[in-house]
Amino acid sequence: MSMMMIDTPLIRGLGRVLDRSAFRHQVISANLANVDTPGYHTRDVQEFAGEIERAMAGGDEPLFAGQLASFFPVARTVHGLLERPDGNNVSVERESLLLAQNQLRFEVGVQFLKAEFHRLSTAINGGSTS
């Protein structure tokens, strides 16, 4: 079966959601790993919820060399957080909550992707669920 047969806008959008969630997981993990690093400042993916909506909407990404340009998320320093005397502003509680939220978002994306593959498989098999 050709990959083009399953290359739907929904699958592409869900793939981008999973990519962004995986990237955010790395950023949050780096924050937690640096909780005791003097001068380290918390980073996060800017406007993550808006990026997820953009990923699902799709179609508005610019063309680059004849193909859709990939989104490259950027981690930026989070301002306005309480800084400790050593200059570090990582909060384990905040990062743990963000990690749990991000994990839930990833799992929801995986479930939607599974449902879409199941729908496609059912259509290919002529309605048979076996």
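Position numbers for residues count from 1 along each chain, tracking the sequence in the order it is written. It should be noted that, the model being predicted, local features are given only for residues of pLDDT at least 70 and side-chain atom pairs only at 80 or more, the latter also being counted only at that level, while totals for whole chains, interfaces and linings use all residues. Heavy atoms from the whole structure form the basis of all side-chain values; hydrogens and water molecules are not counted.

Visitor: Is there a simple way to explain the overall build of the chain in this structure?
Guide: A count of helical and extended segments in the chain gives 3 helices and 4 strands. Starting at the N terminus and ending at the C terminus, the chain contains elements arranged as α-β-α-β-β-β-α. Exposure categories follow from relative accessible area, calculated using a 1.4 Å probe and restricted to protein chains: below 20% of the type maximum is buried, above 50% is exposed, and the middle band is partly exposed. The proportion of buried residues among the 130 residues of the chain is 31%. Any two residues having at least one pair of non-hydrogen atoms within 4.5 Å are treated as being in contact. Across the chain, every contact between residues at least 6 apart in sequence was considered, and the portion connecting residues at least 24 apart equals 77%. Summed over its atoms, the accessible surface of the chain is roughly 8,400 Å², and 61% of this surface lies on carbon and sulfur atoms. The helix and strand labels rest on DSSP assignments: H or I over at least four residues marks a helix, E over at least two residues marks a strand, and numbering proceeds from the N terminus. Throughout, the Shrake-Rupley method with a 1.4 Å probe supplies accessible areas, and for residues the shown protein chains are the sole cover considered.

Visitor: Teacher, can you tell me more about the nonpolar core here?
Guide: The nonpolar side chains of a soluble globular protein tend to be buried, and buried together. Core analysis: the largest hydrophobic core is formed by 6 residues, namely Ile6, Ile11, Leu14, Leu18, Leu113 and Leu120. Elements represented by at least two residues in this core include exactly α1 (9-33) and α3 (92-124). In terms of residue count, the dominant contributor to this core is α1 (3 residues). Residues contacting Leu18, with those up to four places away along its chain left out, are Phe106, Gly109, Val110 and Leu113. By nonpolar core is meant a set of buried Ala, Val, Leu, Ile, Met, Phe, Trp, Tyr and Cys residues that side-chain atoms within 4.5 Å join together.

Visitor: Please explain α3 as it appears in this structure.
Guide: Note that an α-helix has 3.6 residues per turn; residues three or four places apart therefore point the same way. Relative to the 48 Å expected for 33 residues at 1.5 Å per residue, α3 spans 47 Å between its end C-alpha atoms, a close match to the ideal helical length. Looking at the residues trailing α3, positive phi occurs at Gly126, about 70°. Expected span of a helix, by definition, is 1.5 Å for each gap between consecutive residues, and there is one gap fewer than residues.

Visitor: Can you help me understand α1 in this one?
Guide: Between its first and last C-alpha atoms α1 spans 36 Å; for 25 residues at 1.5 Å apiece the expected length is 36 Å, and the two agree. Along α1, the residues classified as buried are Ile11, Gly13, Leu14, Arg16, Val17, Leu18, Arg20, Ser21, Arg24, Val27, Ile28 and Asn31.

Visitor: Help me out: how do you make sense of the pattern of salt bridges in this one?
Guide: Oppositely charged side chains may form a pair once their charged atoms are brought near each other. A pairing counts as a salt bridge when a side-chain nitrogen of Lys or Arg comes within 4 Å of a carboxyl oxygen of Asp or Glu. If you walk through the whole model with that rule in mind, you get 4 salt bridges. Where Asp86 meets Arg84, a salt bridge forms, and the shortest distance between an N and an O atom there is 3.9 Å. Overall, the relative accessible area of 31% leaves Arg84 in the partly exposed class. Between Glu116 and Arg119 there is a salt bridge, with its nearest N and O atoms 2.6 Å apart. Of this pair, Glu116 and Arg119 both sit in helix α3, 3 residues apart, roughly one helical turn. Look at Arg119 and you get partly exposed, because its relative accessible area is 47%.

Visitor: Help me understand the environment of Ala33 in this model?
Guide: With respect to the helices, strands and loops of the structure, Ala33 is situated in helix α1. For the pair Ala33 and Val90, spaced 57 residues apart in sequence, the C-alpha to C-alpha distance is 9.6 Å.

Visitor: Explain a nonpolar patch on the surface here, please?
Guide: Patch definition: residues with relative accessible area over 30% and no salt bridge; like charges joined within 9 Å; nonpolar side chains (Val, Leu, Ile, Met, Phe, Trp, Tyr) joined within 5 Å. Taken together, the side chains of Leu104, Val108 and Phe112 make up a nonpolar region of the molecular surface, amounting to roughly 310 Å² of accessible area. What makes Leu104 exposed here is its relative accessible area of 57%.

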